[in-house]
Protein chains: 2
Amino acid sequence: MTGENRPPPGASSNALPRLGELELAVMEVLWRHPASSTQQVQARLPQARRNSLSTLQSTLERLHRKGLLGRERERQAYLYRARVSRSELLGRLLGGVISQLHDGSLDPILASFVDFAENIDDSTLDRLDELLQARLRARDAGGCDD
Amino acid sequence: MTGENRPPPGASSNALPRLGELELAVMEVLWRHPASSTQQVQARLPQARRNSLSTLQSTLERLHRKGLLGRERERQAYLYRARVSRSELLGRLLGGVISQLHDGSLDPILASFVDFAENIDDSTLDRLDELLQARLRARDAGGCDD
DNA sequence: CCGAAAACCGATCGTGGATCGGTGGTCGCG
DNA sequence: CGCGACCACCGATCCACGATCGGTTTTCGG
């Protein structure tokens, strides 16, 4: 029983399913060392995470499928490089979480984040303010500068 | 609502493994209708999510184990109620993501969020600014807002 | 005490990450 | 040209977790 195929009622579009530990560690390496071969990555991984090349390959492949890594062939090997910066990844992850919880208006979410920042440390709030002001200035000044 | 949600400052080591679809839907219901029995929850779930009571029970139980729901016995049945508000949950989720990606300094994270806000809509940035200013004012004025 | 309504228990499935060994293709060098 | 090294590729497990449910036991009200 219960062996029927059950189409998922709500397929999230852009929320990447969450990254595993090894995947994260790999991203860290790739951020620090752009364009590394599988072996390079392995060598630069923290000792605790050093395992067989195959494992690494699967992980790199998965990351590649998820669009987080690009790769090009260097002779018989691949050179991997991060396609998203740490900030971009964070934004994506944040976006995933938020789109799950978002109930129409963004306000509660923004409020939550401010809340979160405040909860960490009082100075964090000021820092956030600084960054935000800078961003607002940049927008008002240049408008379309990219 | 800003100012009511206060995650305990000591118990910040919570990285809940991520919520599933049904779990989220259940939380939505419990947020809208505090203290509902399993049946109540089932009745108020979107039609698409209505399934057997057992399924609901497992989900409520799991949520309870995760600390997101509290429950008390009402005769032979349980009354469930949300222990975290939507904002708190969001904060927790955000915290989980952030602690994964956080490499020491918060700045990139804050920047990412500002980035994220800007990316949604220009007005969002202004909204964030308003909220932040309000919060700063509140802090500078009262100090301890209890 | 009996029947209904819950909780409780455990089985099964699907997905996704981690892990690895074996196989086969590619390249450099003798 | 052939051989050995290197590496990608494939498939096989394993595990954790959410979703799903049916069957059994507990509990309560009449």
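Residues numbered from 1 in each chain as written. Chains lettered and ligands numbered in written order. Predicted model: local features only at pLDDT ≥ 70, side-chain atom pairs only at ≥ 80, totals over all residues. Heavy atoms only, no water.

Looking up chain A in an unreviewed UniProt entry gives the name BlaI/MecI/CopY family transcriptional regulator, with the organism given as Mangrovimicrobium sediminis. Taken verbatim from the UniProt record of chain A, the Sequence similarities (unreviewed entry) comment is "Belongs to the BlaI transcriptional regulatory family." (UniProt positions renumbered as here; feature names shortened; annotations may be inferred.)

S.K.: It is not clear to me how the interface of chain A and chain B should be interpreted in this structure. Could you clarify?
M.R.: Note on interface size: it is often stated as the accessible area lost on association of the parts. Across the contact, 49 residues belong to chain A and 50 residues belong to chain B. Among the residues chain A hides against chain B, the three largest losses belong to L101(A), F113(A) and R135(A). Together they make up 14% of the total. Put simply, chain A and chain B have 8 salt bridges between them. Salt-bridge contacts for D126(A) lead to R139(B); the nearest nitrogen and oxygen are separated by 3.0 Å. Listing elements by their share of the side of chain A that touches chain B, those giving two or more residues are α1 (21–32), α4 (86–101), α5 (107–120) and α6 (122–142) of chain A. (Contact = heavy atoms within 4.5 Å. Buried area = accessible area lost by both parts, 1.4 Å probe. Salt bridge = Lys/Arg side-chain N within 4 Å of Asp/Glu carboxyl O. Helix = DSSP H or I, 4+ residues; strand = E, 2+ residues; numbered from the N terminus.)

S.K.: Hey, could you run me through the protein's contact with DNA strand C in this one?
M.R.: Neighbouring DNA strand C are 26 residues; L22(A), R62(A), K66(A), Q39(B) and Q57(B) lie closest to it. In DNA strand C, atoms within 4 Å of the protein come from the sugar-phosphate backbone in 67% of cases. One of the side-chain N or O atoms of T38(B) is found 3.3 Å from a phosphate oxygen in DNA strand C. In the model, a phosphate oxygen of DNA strand C is placed 2.4 Å from a nitrogen or oxygen of the Q39(B) side chain. Taken together, the elements giving at least two residues each to the surface near DNA strand C come down to α1 and α3 (53–65) of chain A together with α2 (38–44), α3 (53–65) and β3 (77–82) of chain B. Among the elements that take part in the surface near DNA strand C, α3(A) stands out by supplying 4 residues, more than any other. Tallied by class, the residues present in the surface near DNA strand C amount to 4 nonpolar, 14 polar and 8 charged. (Near = heavy atom within 4 Å. Polar contact = N/O pair within 3.5 Å; in protein donor to acceptor, adjacent residues only side chain to side chain. Nonpolar A, V, L, I, M, F, W, Y, C, P; charged D, E, K, R; others polar.)

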